[in-house]
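Notes for the structure review
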Amino acid sequence: MHGLGNDFVVIDTRPGKLGGGVVIGPAEVIRIADRRTGVGCDQLILIEDASSDDVDAFMRIHNADGSEVKACGNATRCIGSILMTETGADRVQIRTGADLLVVEQSGDGLITVDMGNPRFGWEDVPLNAHADTLHVDLTRGPLSDPAVASMGNPHATFFVKNVEAIPLSELGPTLEVDPVFPEKANIGIAEIKAFDRIRLRVWERGVGITPACGTGACAAVANAVRRDLTAPRVTVEVDGGDLVIDWRADGRMSMTGPVQTTFTGTLSSGLWA
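In this text the structure is predicted, and so the values were computed from the model without any measurement.

1. What about the overall build of the protein chain?
Tallying secondary structure elements over the protein chain gives four helices and 18 strands in all. Computed over the C-alpha atoms, the radius of gyration of the protein chain is 18 Å, within 12% of the 19 Å expected from 2.2 N^0.38 for a compact globule of 273 residues. The dimensions of the protein chain, computed from C-alpha atoms along their principal axes, are 50 × 40 × 30 Å. In the protein chain, buried positions account for 54% of the 273 residues. For the protein chain, restricting intrachain contacts to residue pairs at least 6 apart in sequence, the fraction spanning at least 24 positions comes to 60%. For the protein chain, the accessible area works out to roughly 11,700 Å², and carbon and sulfur atoms hold 49% of it.

What follows is the structure, encoded as structure tokens:
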């Protein structure tokens, strides 16, 4: 499945499903995510049994490098779509490592997910020491002065005049692992095109540049609003298309966008060898 090109291999490991009981560790994730010898994906997503009756499923997220992360907005829309089709409901609840998220049908093939509250404490992001999270002392080439936030995973947003002029593929790998980020970070470069529109590209930790990053879009909007650069409701242009981000009055953020199933199939046992 994919959300605006941010693509996932989804395995349903719940009892009674084809993947029921399967155990997947970092080595298996890396083999499956390989675009030449596996299936190929940005993230591998496991649908697991819910922890309680009022939750429809637990979503476990692995980056292509095998690391496990707590949040992925585009994947949450995809898993929400699966669960709503399965149950016939227009609304489901998904537990992630970061939060309990509500996913709803929005019409016209769009899915909306409640992404929770952005967090801005230096220890929440986290950073390696106390710092002003609205203006972090970090420079790499033409990039400087990022704002940082956590959407269940760490994000640094650099505001630039022209996104297309920034060599993100060169700068992203070193910024991701800068010592200021003890858990690494997702690196966003954002261009304010209007008070309600942002152009965004994201280098995702453990993956690289992706066509879309839902948590990155939320972080970019939150950081833009904190700097008085945009309204709370913004269309974010990513490489794969548009996401609508709304930082609501209750402090939580919602994200609306499309999802698509590319194919379903059976994984070779050789990927577990």
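Having seen it, we continue.
2. Side note on the packing of aromatic side chains
With the rule as written, the count across this model stands at one aromatic pair. For the pair Phe120 and Trp247, a centre-to-centre distance of 6.0 Å together with 55° between the ring planes defines the contact as tilted. One end of the pair, Phe120, is in the loop between β8 (110-116) and β9 (139-140); the other, Trp247, is in strand β17 (residues 241-247), with 127 residues separating them in the sequence. The exposure class assigned to Trp247 is buried, which follows from its relative accessible area of 19%.

3. Looking at the environment of Val177
With respect to the helices and strands, the residue Val177 is situated in the loop between α3 (168-176) and β13 (186-194). Classification of Val177 by relative accessible area gives partly exposed; the value is 46%. For Val177 and Ala147, which are 30 residues apart along the polypeptide, the C-alpha to C-alpha distance reads 16 Å.

4. Here we look at the pairing of strand β16 (residues 233-238)
Of all six residues in β16, five are buried; the element is thus mostly enclosed. Examined bridge by bridge, strand β14 (residues 197-204) and β16 share three bridges and lie parallel to one another. Its bridge partner being in β16, Arg197 is matched across the sheet by Thr235. Two strands pair when backbone bridges link them, and β16 and β17 are joined in this way by six bridges, in the antiparallel orientation. Looking across to β17, one finds that Val236 is bridged to Leu243. As consecutive antiparallel partners, β16 and β17 are separated by two residues.

5. Some thoughts on the environment of Met59
Turning to its location among the elements, Met59 is positioned in strand β4 (residues 57-63). Spatially, the C-alpha atoms of Met59 and Leu46 are 5.8 Å apart, while their sequence positions differ by 13 residues. Excluding its chain neighbours within four sequence positions, the residues that come into contact with Met59 are Ile45, Leu46, Cys72, Ala75, Thr76, Ile79, Ile94, Arg95 and Thr96.

6. Some points on helix α4 (residues 214-226)
Over its 13 residues, α4 runs 18 Å from end to end, which matches the ideal 18 Å to within 8%, given 1.5 Å per residue. With 11 of 13 residues buried, α4 lies mostly within the body of the structure. Taken from the residues just after α4, Asp228 is the one with a positive phi, measuring 60°.

7. Here we look at the pattern of salt bridges
Summed over all chains, the structure comprises 22 salt bridges. Across the pair Asp42 and Arg35 runs a salt bridge, and its minimum N-O distance is 3.1 Å. With a relative accessible area of 7%, Asp42 lands in the buried category. Its relative accessible area of 51% is what places Arg35 among the exposed residues. If you follow the salt bridges from partner to partner, you end up with Asp99, Asp114, Arg248, Asp250 and Arg252 in one network.

Rules used throughout
- Residues numbered from 1 in each chain as written.
- Predicted model: local features only at pLDDT ≥ 70, side-chain atom pairs only at ≥ 80, totals over all residues.
- Heavy atoms only, no water.
- Helix = DSSP H or I, 4+ residues; strand = E, 2+ residues; numbered from the N terminus.
- Rg over C-alpha atoms; globule rule 2.2 N^0.38 Å.
- Buried < 20%, exposed > 50% of the residue type's maximum accessible area, 1.4 Å probe, protein only.
- Contact = heavy atoms within 4.5 Å.
- Areas by Shrake-Rupley, 256 points an atom, 1.4 Å probe, with all protein chains shown as cover.
- Phe/Tyr/Trp six-rings, centres within 6.5 Å; stacked < 30°, edge-to-face > 60°.
- Pairing = 2+ DSSP bridges.
- Expected span 1.5 Å × (residues − 1).
- Salt bridge = Lys/Arg side-chain N within 4 Å of Asp/Glu carboxyl O.

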